[in-house]
Amino acid sequence: MITRRAAAAIWGVVGVAAVIALWELYKFLGPADGVTIGGDGSTGSGVMILPRTHDRAMPHVWEMVARLFASTSGGDTPPLWVSVLSAGGVTLGIAAAGWVIGVLVGGILAIAMQRWRLIEWGLLPWIVVSQTVPLIAFAPVVNALGGQLAREGIPWPQWLSVAVIASYLAFFPVAIGMLRGLQAPDRIHVDLLRTYAAGYGTTLWRLRLPAAVPYLLPALRLAAAAAVVGAVVAEVSIGMRGGIGRMLIQLAGQASSDPAAPWGPTFGTIALGLVAAASVALVGAGLKNYRRGEETA
């Protein structure tokens, strides 16, 4: 009998195979110059609704895989997969720092909003609205503030700006998920602890936090993936070197002569998101006794 985890793994492999098959099928059947609506055709104006399929725009999957084992930029440079692994390690470490910051901020906000209803009424709408701010516009502001602090003698490395930007995406699911979890206990259980003269701290530790676990773990997985996205976008926006975001931009600039190269860091970014989300499973393993009725993410 196939276990639930084995079935999930099988469906994951099937999903990847389906994406590869669709990619190659469209490359084989699709128009080389794509499909454009509007424009006169000679100037190239208009709106493209289907992508181009020629080799410079859409390389074969096996070409992308083979490019991973070729030199990164010629000469004695290491293979592309080694460079992607090195850059991915930098980005993953920064994303982890951003995730920790986001979890702390989101958890504090959730506890405050659950404890005082007035804070929830006043703060929750702004937490939701905060996620509508474009990250690509927010990143330079954080970098500029960090640079100002550094000039005033306060240690502020550039990677810390990236971590703060990553935490900006990570705190939101934690705050919302944990707030919902803290509010999950039935009123009768809360009243029972009150009859035992339990204070808010005891109620929080003994009742509300355990009840929040099924809501918090999916939020932590979303926050981990969001932190990776935030770190990659921040690296691109502020021009930080060493990470996979910067590497992606550099190789994308060479796509006309080496179209398969940018797909290496692209695959690396996807892998980082999966690794980050899967790492939360280690947290969940230690809280398995509190995961009944866990919400899905």
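Conventions and cut-offs
Residues numbered from 1 in each chain as written. Predicted model: local features only at pLDDT ≥ 70, side-chain atom pairs only at ≥ 80, totals over all residues. Heavy atoms only, no water. Helix = DSSP H or I, 4+ residues; strand = E, 2+ residues; numbered from the N terminus. Buried < 20%, exposed > 50% of the residue type's maximum accessible area, 1.4 Å probe, protein only. Contact = heavy atoms within 4.5 Å. Core = buried A, V, L, I, M, F, W, Y, C linked by side-chain atoms within 4.5 Å. UniProt positions renumbered as here; feature names shortened; annotations may be inferred. Phe/Tyr/Trp six-rings, centres within 6.5 Å; stacked < 30°, edge-to-face > 60°. Lys NZ or Arg CZ within 6 Å of the ring centre and 35° of its normal. Patch = residues over 30% accessible without salt bridge, like charges linked within 9 Å, V, L, I, M, F, W, Y side chains within 5 Å. Areas by Shrake-Rupley, 256 points an atom, 1.4 Å probe, with all protein chains shown as cover. Salt bridge = Lys/Arg side-chain N within 4 Å of Asp/Glu carboxyl O. Axes fitted to C-alpha atoms, helices over the stretch in contact; angles between N-to-C directions. Parallel < 35°, antiparallel > 145°, perpendicular 65-115°, else oblique. Left-handed = near helix turned anticlockwise from the far one by under 90°. Arc of directions from axis to C-beta.

### Description of the overall build of the protein chain
Part 1 of the reasoning: The number of helices and strands found in the protein chain is 10 helices and two strands.
Part 2 of the reasoning: N-terminal to C-terminal, the α/β element order of the protein chain is α-β-β-α-α-α-α-α-α-α-α-α.
Part 3 of the reasoning: Seen along its three principal axes, the alpha-carbon backbone of the protein chain occupies a region of about 75 × 65 × 45 Å.
Part 4 of the reasoning: The buried share of the protein chain, taken over its 297 residues, is 33%.
Part 5 of the reasoning: Relative to all contacts within the protein chain whose residues are 6 or more apart in sequence, the contacts with residues 24 or more apart total 69%.

### With respect to the nonpolar core
In summary, soluble globular proteins display a tendency toward joint burial of nonpolar side chains.
Part 1 of the reasoning: Counting residues in hydrophobic clusters, the biggest one holds 45 residues, and the most contacted among them are Leu 80, Val 162, Ile 165, Leu 182, Val 228, Ile 244 and Met 247.
Part 2 of the reasoning: Those elements that place two or more of their residues in this core are α3 (80-115), α5 (135-151), α6 (158-182), α8 (200-238), α9 (244-252) and α10 (263-286).
Part 3 of the reasoning: Per-element tally for this core: the top contributor is α8, with 13 residues.
Part 4 of the reasoning: Sequence-distant contacts of Ile 244, defined by excluding residues within four places in its chain, comprise Val 84, Ala 87, Gly 88, Thr 91, Val 232, Glu 235, Pro 265, Gly 268, Thr 269 and Leu 272.

### Some words on the environment of Ser 237
Part 1 of the reasoning: Considering the arrangement of structural elements, one finds Ser 237 in helix α8.
Part 2 of the reasoning: Those residues in contact with Ser 237, other than ones at most four positions away along the chain, are Ile 136 and Ala 139.

### What to know about the environment of Ala 226
Part 1 of the reasoning: Among the secondary structure elements, Ala 226 is positioned in helix α8.
Part 2 of the reasoning: For Ala 226, a relative accessible area of 17% corresponds to the buried category.

### Quick notes on the UniProt feature "transmembrane region" (unreviewed entry) in the protein chain
Part 1 of the reasoning: Taken from the UniProt record, the annotation "transmembrane region" (unreviewed entry) applies to residues 7-26, 80-111, 123-146, 158-179, 215-238 and 267-287.
Part 2 of the reasoning: Counted over residues 7-26, helix gives 100% and strand 0%. Its end C-alpha atoms are 28 Å apart.

### What to know about the packing of aromatic side chains
Part 1 of the reasoning: By the definition in use, this model includes four aromatic pairs.
Part 2 of the reasoning: Each member of the aromatic cluster is reached from another via a ring pair, and the members are Trp 23, Trp 263 and Phe 267.
Part 3 of the reasoning: Sitting above the plane of the Tyr 200 ring, Arg 115 keeps its charged end 4.6 Å from the centroid.

### Side note on a nonpolar patch on the surface
Part 1 of the reasoning: Among the surface-exposed residues, Val 65, Phe 69, Trp 81, Val 82 and Leu 85 lie close enough to one another that they form a single nonpolar patch of about 500 Å² accessible area.
Part 2 of the reasoning: Looking at which element gives the most residues to the nonpolar patch, the answer is α3, with three residues.
Part 3 of the reasoning: Here Trp 81 shows up in helix α3.

### Here's the deal with the pattern of salt bridges
Part 1 of the reasoning: Throughout the structure, instances matching the rule amount to three salt bridges.
Part 2 of the reasoning: Between Asp 55 and Lys 27 there is a salt bridge, with its nearest N and O atoms 2.8 Å apart. In this pair, Asp 55 is assigned in the loop between β2 (47-50) and α2 (61-68) and Lys 27 in helix α1 (residues 4-29), connecting sequence segments 28 residues apart.
Part 3 of the reasoning: Among the residues examined, Asp 55 registers a relative accessible area of 44% and is labelled partly exposed.

### Description of the UniProt feature "domain: ABC transmembrane type-1" (unreviewed entry) in the protein chain
Part 1 of the reasoning: The sites that carry the UniProt feature "domain: ABC transmembrane type-1" (unreviewed entry) are, in the present numbering, residues 88-284.
Part 2 of the reasoning: A helix fraction of 83% and a strand fraction of 0% characterise residues 88-284, whose end C-alpha atoms lie 24 Å from each other.

### Some words on the packing of α5 against α6
Part 1 of the reasoning: Two elements in contact, α5 and α6, have axes whose closest approach is 9 Å; the angle formed by their N-to-C orientations is 140°. As judged from the angle between their axes, α5 and α6 are oblique. You can see that α5 and α6 cross each other, and the crossing is right-handed. Contacts between α5 and α6 involve Leu 135, Phe 138, Ala 139, Val 142, Asn 143 and Gly 146 from the former and Gln 158, Ser 161, Val 164, Ile 165, Tyr 168 and Leu 169 from the latter.

### Focus on α9
Part 1 of the reasoning: Buried within α9 we find Ile 244, Gly 245, Met 247 and Leu 251. Seen end-on, α9 carries its buried residues on one side only, within an arc spanning 160°.
Part 2 of the reasoning: As for α9, its buried residues are in contact with α3, α8 and α10.

### Examining the environment of Glu 63
Part 1 of the reasoning: Its location among the elements puts Glu 63 in helix α2.
Part 2 of the reasoning: A C-alpha to C-alpha distance of 6.4 Å links Glu 63 and Ala 260, two positions 197 residues apart in sequence.

### Notes on unusual backbone geometry
Part 1 of the reasoning: Phi angles above zero are rare outside glycine, and Ala 197 is one such case at about 60°.
Part 2 of the reasoning: Mapping Ala 197 onto the fold places it in the loop between α7 (187-195) and α8.

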